[in-house]
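A closer look at the structure
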Amino acid sequence: MPKKRIPNFNYNTVTIKGHQYYKAYVQNADEKTIIVYGKTIEDLCGWYNAHNLPPYETTRFFIGVDYKKPRAFGIYRDGNEFVVYKNKDNGERAVRYKGPDEAYAVNEIYLKLKSVL
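Below is a short write-up of the structure. Predicted model, so just to flag it, every value in this text is computed and none were measured.

1. Quick notes on helix α3 (residues 102-116)
The end-to-end C-alpha distance of α3 is 22 Å, a good match for the 21 Å that 15 residues give at a rise of 1.5 Å each. Buried within α3 we find E102, A103, A105, V106, N107, E108, I109, Y110 and L113. N-capping of α3 is provided by D101, with a side-chain oxygen placed 3.2 Å from the backbone N of A103.

2. Overview of the pairing of strand β7 (residues 93-99)
Inspection of the sheet shows strand β6 (residues 81-87) paired to β7 by six bridges, in the antiparallel sense. Note that in β7 the partner of V83 across the bridge is K98.

3. Considering the environment of Y97
Residue placement: Y97 occurs in strand β7. According to the relative accessible area criterion, Y97 is buried, its value standing at 16%. Remark: the alpha-carbon pair of Y97 and I109, spanning 12 residues in sequence, is separated by 9.4 Å. When sequence neighbours within four positions are dropped, the list of residues in contact with Y97 reads F82, V83, V84, Y104, A105 and E108. Reaching out from Y97, the side chain makes a polar contact with the backbone nitrogen of D101 at a distance of 3.1 Å.

4. Observations regarding the packing of aromatic side chains
For the structure on display, the rule yields six aromatic pairs. On the basis of an interplanar angle of 10 degrees and a centroid distance of 3.7 Å, the ring pair of F62 and Y67 is categorised as stacked. A network of ring pairs unites the aromatic residues Y48, Y56, F62 and Y67 as a single cluster. Taking the ring centre of Y85 as reference, the NZ or CZ of R93 above it sits at 3.9 Å.

5. Looking at the nonpolar core
By size, the foremost hydrophobic cluster in this structure holds 23 residues, and its most contacted members are L44, I63, I75 and I109. Elements supplying a minimum of two residues to this core: α1 (41-50), β4 (61-63), β5 (72-78), β6 and α3. Of the residues forming this core, the biggest block, five residues, is contributed by α3. Dropping the residues within four chain positions of it, I109 is found in contact with L44, F61, F73, G74, I75 and V84.

What counts as what
Residues numbered from 1 in each chain as written. Predicted model: local features only at pLDDT ≥ 70, side-chain atom pairs only at ≥ 80, totals over all residues. Heavy atoms only, no water. Helix = DSSP H or I, 4+ residues; strand = E, 2+ residues; numbered from the N terminus. Expected span 1.5 Å × (residues − 1). Buried < 20%, exposed > 50% of the residue type's maximum accessible area, 1.4 Å probe, protein only. Polar contact = N/O pair within 3.5 Å; in protein donor to acceptor, adjacent residues only side chain to side chain. Pairing = 2+ DSSP bridges. Contact = heavy atoms within 4.5 Å. Phe/Tyr/Trp six-rings, centres within 6.5 Å; stacked < 30°, edge-to-face > 60°. Lys NZ or Arg CZ within 6 Å of the ring centre and 35° of its normal. Core = buried A, V, L, I, M, F, W, Y, C linked by side-chain atoms within 4.5 Å.

These values are about where atoms sit, not about what they do.
Take a look at the structure:
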C-alpha cells in the first residue's frame with residue numbers, strides 16, 4: 001500500500017502488464033466515485049509507460065512537464081502546488097486545478113487521459 005494514505009479512500013492493487021499500481025477510490029459528497037491509479041505524478045508516468053502509449057507529443061498529454069505550446073493537457077509541480085492545465089488552440093491556458101493535493105491533481109489528468117484514449 002502507499003506510504004501515505006488519503007483519509008476515507010479505499011485501497012486495493014491492480015496489476016497491468018506486470019506492473020503493480022495502487023487503486024484508490026472513494027465516493028465524494030456528490031456520490032461520484034473518484035478513482036486514482038497511484039497518487040503521484042511518478043505513478044501516473046509509470047502507468048502511461050506500462051500501457052506503451054505513444055510519446056507525449058502524439059497524445060498531447062504532458063506528465064510532469066509545463067508545456068507552453070497550444071493543444072496540450074498536462075500536469076506538473078510548481079513549488080508546493082500541483083497544476084493541471086489545458087492549453088487551447090489559440091495558446092490560452094485554462095488551469096483545471098492548482099493546489100496542494102497531488103492525488104486529486106493526478107486523478108484530474110488521469111480521468112481526462114482515460115476519456116480520450
